[in-house]
Amino acid sequence: MAGDLQTLLGIDAPIVLGPFGGLSSIALTASVSDCGGLGSFGLYGYSGDRIRDTATALRAATGRPFALNLWLPLGDEVAPDEVDLTAAQAAVAPLFEAAGAAVPPLPAAFLPSLSEQLDAVWDAAPAVLSVVFGVPAPEVVAEAHRRGIRVIGTATSVAEAVALEEGGVDAVVASGAEAAGHRVSFLRPAEESLVGTFALVPQVVDAVDIPVIAAGGVADCRGVAAAFALGAAGVQVGSAFLRTRQSAAAEAHRAALAAAADTDTVLTRAMSGRLARGIPNRAVRTIEDGGAIAPFPAQNWLTGGFRSAAPHNGDLVSLWAGQAAGLSRSDDAAAVFAELVRGLPR
C-alpha cells in the first residue's frame, strides 16, 4: 500500500502534512513537499482570490506536489441573520477586553461559498484536493479527476471511510481521536465518533480498498512504524510540524506544544462551536465558564475577533494540539520529516 500512495500522489515518502485551518504557512507546506512528502495547506475561510494567491505563492516556493484542503458544509452552519449572539458576546467580553479590541460588526457572511472556493481550487490545479467534514459531491470528484487532481477524504469512523470510498475518493485519512484540532466527523456527532487511532486504522484498512493514511498520535518514527504495522499506507502528521519555526503558529503556541504532557489536551467547542482538541487556556476556560457558545461558524467568527487582535498571546489564541504533541523534539521541519522517515518500512 505504501508504494500505492507514493505513486498515486507523486511523492517520495508517504508522509502527509496535516492541513491546518488558519495555521498553515507557505514555508511549512513547501518544506514538507520539498522533503519528498505531501505538503498540505488548509483553506478554511479563504476567498477564491486568496486561494489563487496562495497557490501562486506555493508554486513559487516548491516545484513538488502539494494538497489544498477544504471544509465541506455539514448543513448545520448558521448565517449572520440566523443567530442571536447576545449571550455568546457576553461570555467573550473579558477576552476582547484583554485583547484591547471591540466586537466587530456582523459580516454579510461568515464563510465564502464552497462553489467559490472550488472554482479557485480548479484554477490552482494542486496535485491533491483534500476534504474534511464529509463526502465530496460526485461532480466534485469527477471534475477533480478530469483535471488530474487526486482527492483525499477524512474519516473518524469505519462507516465514514466506507462512505468516502463509495464517493470515489482516491485515499482516506483515518483520523483517530488523539489528533489535534477539529474532530471532522460527519455521519454521527463528533462526541460519538471518538475512536482511537490504534482501533480505527486497522478496521478502516479491512473495510476499504483504497490507501489509508493514519492520523492522530503520530509524532516520531515510532508512531510511523506503528501505523504501518496496523496496515496504513501512509501517515498524516500535524502537531509535530505545527511546533516548527516554519509553521504559522505563534511562539506561545509552539512553546505550549513542546511542553505538552499526554493529559494536557481537552476536547472543546469553546473556540469555534465545533468539537476540537487543544490545550486549554484562559480563552477556553472563560468561554466554557460563561456557559454560552454560539453555533458554528458564528462562534469561530466571534472568537476570531480577539484572536486576531492578540495573535501572540497564548491565553487568547486557539492552542490546537494532539495527545502526542510533547513527543516532538525539533523546531525544524526538515528534521521532523527525517525523524518520521526513520519509521518507514525498509
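Preceding block: the structure.
Report follows, based on the coordinates. It should be emphasised that the depicted structure is a prediction, and the values quoted were computed from it without experimental measurement.

**Concerning the pattern of salt bridges**
Tallied over the entire structure, the rule returns 15 salt bridges. Arg-254 is the partner of Glu-251 in a salt bridge, and the nearest nitrogen-oxygen pair spans 3.0 Å. Here Glu-251 and its partner Arg-254 are both found in helix α11 (residues 251-259), 3 residues apart, which amounts to about one turn of the helix. Exposure remark for Glu-251: the relative accessible area of 51% places this residue in the exposed category. With a relative accessible area of 16%, Arg-254 lands in the buried category. Via salt bridges that share partners, Asp-49, Arg-52 and Asp-123 belong to a single interconnected network.

**Let's talk about the side chain of His-182**
With respect to the helices, strands and loops of the structure, His-182 is situated in strand β7 (residues 181-182). Those residues in contact with His-182 that lie beyond four places of it in its chain are Trp-71, Phe-133, Ser-272, Arg-274, Leu-275, Ala-276 and Trp-320.

**Looking at the packing of aromatic side chains**
In this structure the tally under the stated criterion is 7 aromatic pairs. When the ring of Tyr-44 is compared with that of Trp-71, the centres are 4.5 Å apart and the planes differ by 50°; the resulting orientation is tilted. Remark: Trp-71 occurs in strand β3 (residues 66-71) and Tyr-44 occurs in the loop between β2 (39-42) and α3 (48-61); sequence separation between them is 27 residues. In this pair, the class of Tyr-44 matches that of Trp-71, namely buried.

**Side note on the sheet that holds strand β11 (residues 276-278)**
Pairing within the open sheet is antiparallel, and its 3 strands lie in the order β7-β11-β10. Among the strands making up the open sheet, the edge pair consists of β7 and β10 (266-268). Bridging between β10 and β11 involves 3 bridges; their strand directions are antiparallel. For Val-266, the partnering residue across the bridge sits in β11 and is Gly-278.

**Considerations on empty space enclosed by the protein**
Evaluation of the coordinates by the stated rule reveals 1 cavity of 30 Å³ or more. Lining the largest cavity are Val-266, Thr-268, Met-271, Gly-278, Ile-279, Val-284, Ser-318, Leu-319 and Trp-320. Grouping the constituent residues of the lining of the largest cavity by class yields 6 nonpolar, 3 polar and no charged.

**What about the pairing of strand β9 (residues 234-237)?**
Neither face of β9 is exposed, since Gly-234 and Gln-236 on one face and Val-235 and Val-237 on the opposite face are all buried. Across 3 bridges, strand β1 (residues 15-17) lies against β9 in parallel orientation. Pairing of Ile-15 across the sheet is with Val-235, part of β9. In the classification by handedness, the crossover that spans strand β8 (residues 212-215), the intervening helix α9 (residues 221-229) and the parallel β9 is right-handed.

**Regarding the layout of surface pockets**
Each pocket or cavity is described by its volume, and for the second largest pocket that value is around 300 Å³. Lining the second largest pocket are 21 residues; nearest its centre among them are Pro-73, Glu-77, Leu-111, Pro-112 and Leu-114. Along the lines of polarity and charge, the residues of the lining of the second largest pocket split into 16 nonpolar, 3 polar and 2 charged.

**Quick word on the pairing of strand β6 (residues 171-175)**
Here β6 lies mainly inside the structure; 5 of its 5 residues are buried. Side chains Ala-171, Val-173 and Ser-175 of β6 all project onto a buried face; the interleaved residues Val-172 and Ala-174 project onto the opposite face, where all are buried too. Pairing of strand β5 (residues 150-155) with β6 involves 4 bridges; the strand directions are parallel. Each residue of the ladder has a partner; that of Thr-154, found in β6, is Val-173.

**Section: the nonpolar core**
Within the largest apolar cluster, 92 residues are counted, with the highest numbers of intra-cluster contacts made by Leu-129, Val-172, Phe-241 and Phe-306. Excluding residues that lie within four positions of it along the chain, Phe-241 makes contacts with Leu-17, Leu-28, Val-32, Ser-247, Ala-333, Val-336, Phe-337 and Leu-340. Membership of the second largest hydrophobic core comes to 14 residues, among which are Leu-9, Ala-67, Val-173 and Ala-233.

**Brief notes about the environment of Gly-153**
Its place among the elements puts Gly-153 in strand β5. Of the residues examined, Gly-153 reaches a relative accessible area of 0% and is grouped as buried. Distance from Gly-153 to Pro-105, taken between C-alpha atoms, is 35 Å for residues 48 residues apart in sequence.

**Description of the sheet that holds β1**
Spatially, the 8 strands line up as an open sheet ordered β1-β9-β8-β6-β5-β4-β3-β2, and their pairing is parallel. Here the strands that pair on one side only, and so sit at the sheet edges, are β1 and β2. Adjacent strand axes in the sheet meet at a mean angle of 25°, parallel and antiparallel pairs treated alike. The sheet contact formed by β6 and β8 spans 4 bridges and is parallel. Looking at the pairing, Val-173 lines up with Ile-213 of β8. Against the sheet, helix α7 (residues 158-166) makes contact with β5 and β6, and its axis sits at roughly 160° relative to β5, the strand it touches most.

**Some thoughts on helix α5 (residues 114-124)**
Restricting attention to buried positions, one finds in α5 the residues Gln-117, Leu-118, Ala-120, Val-121, Trp-122 and Ala-124. Here the buried face of α5 lies against α3, β3, β4 (128-132) and α6 (138-146).

Conventions we followed
Residues numbered from 1 in each chain as written. Predicted model: local features only at pLDDT ≥ 70, side-chain atom pairs only at ≥ 80, totals over all residues. Heavy atoms only, no water. Salt bridge = Lys/Arg side-chain N within 4 Å of Asp/Glu carboxyl O. Helix = DSSP H or I, 4+ residues; strand = E, 2+ residues; numbered from the N terminus. Buried < 20%, exposed > 50% of the residue type's maximum accessible area, 1.4 Å probe, protein only. Contact = heavy atoms within 4.5 Å. Phe/Tyr/Trp six-rings, centres within 6.5 Å; stacked < 30°, edge-to-face > 60°. Pairing = 2+ DSSP bridges. 1 Å grid on protein atoms, 1.4 Å probe; cavity = no way out; pocket = protein on both sides within 12 Å on 5 of 7 lines; lining within 4 Å. Points joined across faces, edges and corners; volume = space filled by probe spheres on them. Nonpolar A, V, L, I, M, F, W, Y, C, P; charged D, E, K, R; others polar. Right-handed = clockwise from strand over helix to strand, strands pointing away. Core = buried A, V, L, I, M, F, W, Y, C linked by side-chain atoms within 4.5 Å. Axes fitted to C-alpha atoms, helices over the stretch in contact; angles between N-to-C directions.

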